[in-house]
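Residue-level listing of the chains:
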There are 2 protein chains.
Amino acid sequence: MADKTESQATIPPDTLTQQIGVLTRREVEARILAPVIEALSARFDRAEVIEVIRAAVVAIARQQGGELAQAMGGCGSREFMQSLQYWTQDDALQIEVLEQTDETLRF
Amino acid sequence: MADKTESQATIPPDTLTQQIGVLTRREVEARILAPVIEALSARFDRAEVIEVIRAAVVAIARQQGGELAQAMGGCGSREFMQSLQYWTQDDALQIEVLEQTDETLRF
């Protein structure tokens, strides 16, 4: 475990979401994970493989979201709204904001 | 299997390498696969997990390379040289070409 901690400390910060946007990132991930899941299912129990990978992907998404919130400077509706630029990037998504206050965000 | 063939036929063509470059694509893949491999290793035999994923990743890379060659219009040194734009994209890599003919490419 000492080795792992040490090697992970040298990984550069993850700025991929800001570089390529959330939806492109998800497409890259899906296009590698789908055939990996197929290959694993030929060796191990498919339901178990999916259960383990689902939990891992949820944890990674939360971690990426947490890092993004930190990069945005907070978890308020303003910071969240600013973070949506990484969803709409490259016309991946269109968002129409209907109402935005400190307490409310409708879109 | 009929369902699988049908659903795969509806997946749009993969243009991610041209969009974000090879090295950024590999970084996205590594950042999702590393924690997925960790999670799988906690449930299954780690050596077996790595063996299966290694084979799958090699197959996917070959497929992506084949699709890129097709998009480039061939497998000659000229087409290969043109495809290197997806490695050098966003200053990810610098390449100095020393010699380029139909038969030779040194860089």
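Refer to the structure presented above.
Here the structure is a predicted model, which is why all the values come from computation and not from measurement. (Residues numbered from 1 in each chain as written. Chains lettered and ligands numbered in written order. Predicted model: local features only at pLDDT ≥ 70, side-chain atom pairs only at ≥ 80, totals over all residues. Heavy atoms only, no water.)

## Considerations on the interface of chain B and chain A
Contact with chain B, which involves 31 residues of that partner, is made by 31 residues of chain A. Between chain B and chain A, a total of about 2900 Å² is buried, with carbon and sulfur atoms accounting for 74% of that surface. A per-residue breakdown of the area chain B buries against chain A is headed by Arg31(B), Ile32(B) and Phe44(B), which together make up 22% of the total. At the junction of chain B and chain A, the tally comes to four salt bridges. Across the pair Arg43(B) and Glu48(A) runs a salt bridge whose closest N-O atoms are separated by 3.1 Å. At the junction of chain B and chain A, the tally comes to eight residue pairs in polar contact (both at pLDDT 80 or more). If one sorts the elements of the side of chain B that touches chain A by residue count, helix α3 (residues 22-43) of chain B sits on top with 14 residues. Grouping the amino acids of the side of chain B that touches chain A by side-chain chemistry returns 19 nonpolar, two polar and 10 charged. (Contact = heavy atoms within 4.5 Å. Buried area = accessible area lost by both parts, 1.4 Å probe. Salt bridge = Lys/Arg side-chain N within 4 Å of Asp/Glu carboxyl O. Polar contact = N/O pair within 3.5 Å; in protein donor to acceptor, adjacent residues only side chain to side chain. Helix = DSSP H or I, 4+ residues; strand = E, 2+ residues; numbered from the N terminus. Nonpolar A, V, L, I, M, F, W, Y, C, P; charged D, E, K, R; others polar.)

## Brief notes about the packing of helix α4 (residues 46-72) of chain A against α3(B)
Where α4(A) meets α3(B), the axes come as close as 9 Å, and the angle between the chain directions of the two elements is 135 degrees. Viewed along their axes, α4(A) and α3(B) adopt a mutual orientation that is oblique. Viewed along their axes, α4(A) and α3(B) form a crossing whose handedness is right-handed. Contacts between α4(A) and α3(B) involve Glu48(A), Val49(A), Glu51(A), Val52(A), Ile53(A), Ala56(A), Val57(A) and Ile60(A) from the first element and Ile32(B), Pro35(B), Val36(B), Ala39(B), Leu40(B) and Arg43(B) from the second. Among the residues making up the contact of α4(A) with α3(B), the classes are represented as 11 nonpolar, no polar and three charged. (Axes fitted to C-alpha atoms, helices over the stretch in contact; angles between N-to-C directions. Parallel < 35°, antiparallel > 145°, perpendicular 65-115°, else oblique. Left-handed = near helix turned anticlockwise from the far one by under 90°.)

## Things to note about the side chain of Arg25(B)
When you line up the elements, Arg25(B) lands in helix α3. Ignoring sequence-local partners within four residues, the contact set of Arg25(B) consists of Val28(A), Arg31(A), Asp14(B), Leu16(B), Thr17(B), Ile20(B) and Gln64(B).

## Quick word on the relation of the copies chain B and chain A
With an axial shift of 0.0 Å and an RMSD of 0.0 Å, the rotation relating chain B to chain A amounts to 180 degrees. On this basis, the relationship between the two copies can be described by a two-fold rotation axis. Distance from the rotation axis, computed per C-alpha, reaches its smallest value in chain B at Glu29(B): 3.0 Å. Comparing contact sets, 100% of the residues at the interface of chain B also lie at the interface in chain A, consistent with an isologous, same-surface contact. (Least-squares fit on C-alpha atoms with pLDDT ≥ 70 in both.)

## Regarding the pattern of salt bridges
This structure, assessed with the given rule, holds 18 salt bridges over all chains. Here Glu29(B) ties to Arg25(B) by a salt bridge, and the two come within 3.5 Å at their closest N and O atoms. Of this pair, Glu29(B) and Arg25(B) both sit in helix α3, four residues apart, which is roughly one turn of the helix. For Glu29(B), a relative accessible area of 6% corresponds to the buried category. The exposure class assigned to Arg25(B) is buried, which follows from its relative accessible area of 1%. Linked through salt bridges whose partners overlap, the residues forming this network are Asp14(A), Arg25(A), Arg26(A) and Glu29(A). (Buried < 20%, exposed > 50% of the residue type's maximum accessible area, 1.4 Å probe, protein only.)

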